[in-house]
Amino acid sequence: MIFGVDYYPEHWDESEWENQARLMREGGFNTVRMGEFAWKLFEKEEGKLDFSFLDKAIDVLSKEGIKVILGTPTAAPPKWLVNKYDVLQRDKYGRKKGWGARRECCANNPDYIAKSEIIVTEMIKHYKDNPNVIAWQIDNEFGCHASTRCYCEHCRKKFGEWLEEKYGSIDNLNEKWGNVFWSLEYDSFDDIILPAYNSCEGAYGDLWSHNPALDLEFRRFSSDSWVKYQKLQIDILRKYTSAPITHNLMGHFSDIDAYDLSRDLDFVSWDNYPDNQWGDSEYEYVSMAHENMRGAKNKNFVVMEEQSGPAGWDILGSTPRPGQLRLWTYQAAAHGGEGIVYFRFRTALFGMEQYWYGVTDHDGVPRRRYYELKRTGEELQRLEKYIIGAENKYDALIVKSYDNSWGHDIKRHAAGYNYENHLYSFYKANADLNITTAVSKGGYDKYKAVYMIAYNIVNDAETAELREYVKNGGTLVLTFRSGTRDEYNRVRPLALPGVFKEMAGIEAVEFDAPRRNVSVCGGVNGTARIWCDIIEPDTAETICAYGSEYYKGKAAVTVNRYGKGRVYYIGCDLDDGAMREIVSVISKSAGIETIDAPKGVEIINRDGYKIVLNHNENAVCTGVRGRSLISGAEFDGTLEGYGAEFVVPCGP
């Protein structure tokens, strides 16, 4: 399996390369990813290409048995390119983004596209027969630094063409978008605007100030633009090589549709930093990100950048505690990671990421983190047959929809509402009950319970598929802000919850955004604060009701039998404890086993064995006993702080 490091030979004198490669080999690393930011070194002047420095680095690495994943360098254009060609993005205020960082170019700019084609073509022609190059990475982290949406004239024209292909006629677009509102009808696709700065922005606080249909379609178009730009590079590479091709996505990042972006890739990779300058993540949040990436293709993945030290750009996050790097590695493997590449081998002495520490510090001397990863790599090689091609036993599915992520961002409904956080609250509740839960879309029949959280933008085909799933015995979980909008971001002329009203067996006759705690009591006890649907059951049964406000006694959570299955409707946000309670109720009714383990213990189910992770700093009794697949010894259930085990259980 891939066990590697991200490496930048251009940051070091050639006299150091051999020693660095030797240390990599001695640490058990068999792969490096490199080249993704080296455009200027490959093409110092326009049209004058020279890959000799990278040739030398690959040769040095190969002598130590280390293979290479090469990145195309289009995320970091050289200064000569921006001097000669106007390729830089514009923000929504019309300002040109300056050169001097990365990801500043526009996916629809013809000059950027042309120069990208040249560098990628020359790079693959040069390395197509090199046996040490085992895979390719397209670019680097599409969309990072708020670079998904560009507001330049190239994008405006391409957006108009994209809309014309989709809608056929401008009259059809005007009707679907409701452009009669505020006299916004277009006469032709040449008139199409971008949702940039306008007279309403800022007048009433932070809000999106355009027709929500325009906003949604522009986000779809912008996502498609990067998918198309990536496909351009993939097609070039595939003319010359059969080596697998990937791109390093970013977990929870939602500006680009990960299902679309991963469609043309051989495998997904992604960049995982659990604790950095901007905060540390709950372990469930990291696990959900892994599942999000596995679900992008419903296929196992590689972590292309895994945190290996304290990380930040101008201030540092916490230093990973002894055992945490190993734990994070096993957490990735538990959720579908088939390979792991740590960022980076040696910490940079210069540039923006001087404080983004790697496997070794600035002096390059191996210390605790290096030796912890060396041990981890040795264990992974023994476990390889349990990692490559492994499949988890998923009982539940949380459906992530990029349309709904964008739609809820455009229309946020209530102060404090966040779609991504809403999804996470359900994943966290399932994870805390140790229910192995997928994050993806479609294929509902594989799961005992499907969570369609705030599924507001929904088309007729999706609705029909969900009806069949429930009629055939599935358990569907819906929430407030579901079923009320069509694919054009128009509100449907239906009572709440819109297209799901019949399945849910209810009508939400009113709603409230209380901005203060509202008690919920009955089968589940807790509080709501952001949103409360006031529910009148039709065929549904009430599970719990509101205990305060003018709607005291009205249903808050319901369940309805529909065909052979059930539909749960959760009409309010719930605190963590109540969320865990309701997920437990739902799981029991769906025949899903829950595991009551100590807080911070994560248990993932696979055929024949379990992966047990202790995210606590202290040792705990996990409740899982059996034979360790790592050591071969008996495992008594006690796991050291930040410990991990693959266990063949021996019973309760």
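Residues numbered from 1 in each chain as written. Predicted model: local features only at pLDDT ≥ 70, side-chain atom pairs only at ≥ 80, totals over all residues. Heavy atoms only, no water.

**Regarding the side chain of Glu104**
One can find Glu104 in the loop between helix 4 (79–84) and helix 5 (110–127). The buried charged residue Glu104 lacks any salt bridge partner; its closest oppositely charged side chain belongs to Arg103, at an N-O distance of 7.5 Å. Dropping the residues within four chain positions of it, Glu104 is found in contact with Ala75, Pro77, Val87, Leu88, Gln89, Gly98 and Trp99. (Helix = DSSP H or I, 4+ residues; strand = E, 2+ residues; numbered from the N terminus. Buried < 20%, exposed > 50% of the residue type's maximum accessible area, 1.4 Å probe, protein only. Lys, Arg positive; Asp, Glu negative; His and termini not counted. Salt bridge = Lys/Arg side-chain N within 4 Å of Asp/Glu carboxyl O. Contact = heavy atoms within 4.5 Å.)

**Quick notes on unusual backbone geometry**
Glycine aside, the phi torsion of most residues is negative, and most peptide linkages are trans. Of note, the amide linkage connecting Phe343 to Arg344 takes the cis form, showing an omega dihedral of -20°. Relative to the helices and strands, Arg344 resides in the loop between strand 13 (337–343) and helix 12 (368–387). Leu496 connects to Pro497 through a cis peptide bond whose omega is 5°. With respect to the helices, strands and loops of the structure, Pro497 is situated in the loop between strand 17 (475–479) and helix 16 (501–504). Phi at Ser183 is positive, roughly 55°, even though this residue is not glycine. Mapped onto the secondary structure, Ser183 falls in the loop between helix 7 (170–177) and helix 8 (212–238).

**Observations regarding the pattern of salt bridges**
Tallying each qualifying case throughout the model produces 45 salt bridges. With a shortest N-O distance of 3.2 Å, Asp260 and Arg263 are connected by a salt bridge. Taken together, the positions of Asp260 and Arg263, both in helix 9 (residues 258–263) and three residues apart, correspond to about one turn of that helix. Overall, Arg263 belongs to the partly exposed group, its relative accessible area being 49%. Put simply, Asp6, Arg33, Glu36 and Glu305 are held in one network by salt bridges that share partners.

**Quick notes on the sheet that holds strand 26 (residues 609–614)**
If you trace the five strands from one edge of the open sheet to the other, you get 25-26-31-28-29, paired in antiparallel fashion. Bordering the open sheet on either side are strand 25 (601–606) and strand 29 (634–635), each of which pairs with just one other strand. Relative to strand 31 (residues 644–649), strand 28 (residues 626–628) is paired through three bridges, and the arrangement is antiparallel. Following the sheet pairing, Ser628 is matched in strand 31 by Val647. Contacting strand 25, strand 26 and strand 31, helix 11 (residues 324–334) crosses the sheet at an angle of about 145° to strand 26. (Pairing = 2+ DSSP bridges. Axes fitted to C-alpha atoms, helices over the stretch in contact; angles between N-to-C directions.)

**Things to note about helix 3 (residues 52–62)**
Among all positions in helix 3, only Phe53, Leu54, Ala57, Ile58, Val60 and Leu61 are buried. All buried residues of helix 3 lie within an arc of 160° about the axis, which places them on one face of the element. Buried-residue contacts for helix 3 involve helix 1 (17–26), strand 2 (31–34), helix 2 (39–42), strand 5 (67–71), helix 5 and strand 6 (133–137). (Arc of directions from axis to C-beta.)

**Side note on the pairing of strand 24 (residues 565–570)**
A large share of strand 24 lies buried, amounting to five of its six residues. Judged from the five bridges that link them, strand 17 and strand 24 form a sheet pairing that is parallel. Within the sheet, the bridge partner assigned to Leu478 lies in strand 24 and is Tyr569. Pairing of strand 23 (residues 555–562) with strand 24, which is carried by six bridges, proceeds in the antiparallel orientation. Looking across to strand 24, one finds that Asn560 is bridged to Val567.

**Topic: helix 8**
Since one α-helical turn is 3.6 residues long, residues separated by three or four positions face the same way. Between the first and last C-alpha of helix 8 there are 39 Å, a value that for 27 residues agrees with the 39 Å anticipated at 1.5 Å per step. Counting buried positions over the 27 residues of helix 8 gives 21, a clear majority of the element. Its side-chain oxygen placed 2.9 Å from the backbone nitrogen of Ala213, Asn211 serves as the N-cap of helix 8. (Expected span 1.5 Å × (residues − 1). Polar contact = N/O pair within 3.5 Å; in protein donor to acceptor, adjacent residues only side chain to side chain.)

**Some thoughts on the sheet that holds strand 13**
By way of backbone hydrogen bonds, the strands of a sheet pair with one another, either parallel or antiparallel. Strand order in the open sheet formed by nine strands is 7-6-5-2-1-13-12-9-8, with parallel pairing between adjacent strands. The sheet terminates laterally at strand 7 (245–246) and strand 8 (248–249), the two strands that pair on one side only. Where strand 1 (residues 3–6) meets strand 13, three bridges bridge the pair, whose relative direction is parallel. Considered in strand 13, the bridge of Val5 is made with Tyr342. Here helix 5 sits on the sheet and contacts strand 5 and strand 6; the angle it forms with strand 6, its principal contact strand, is near 170°.

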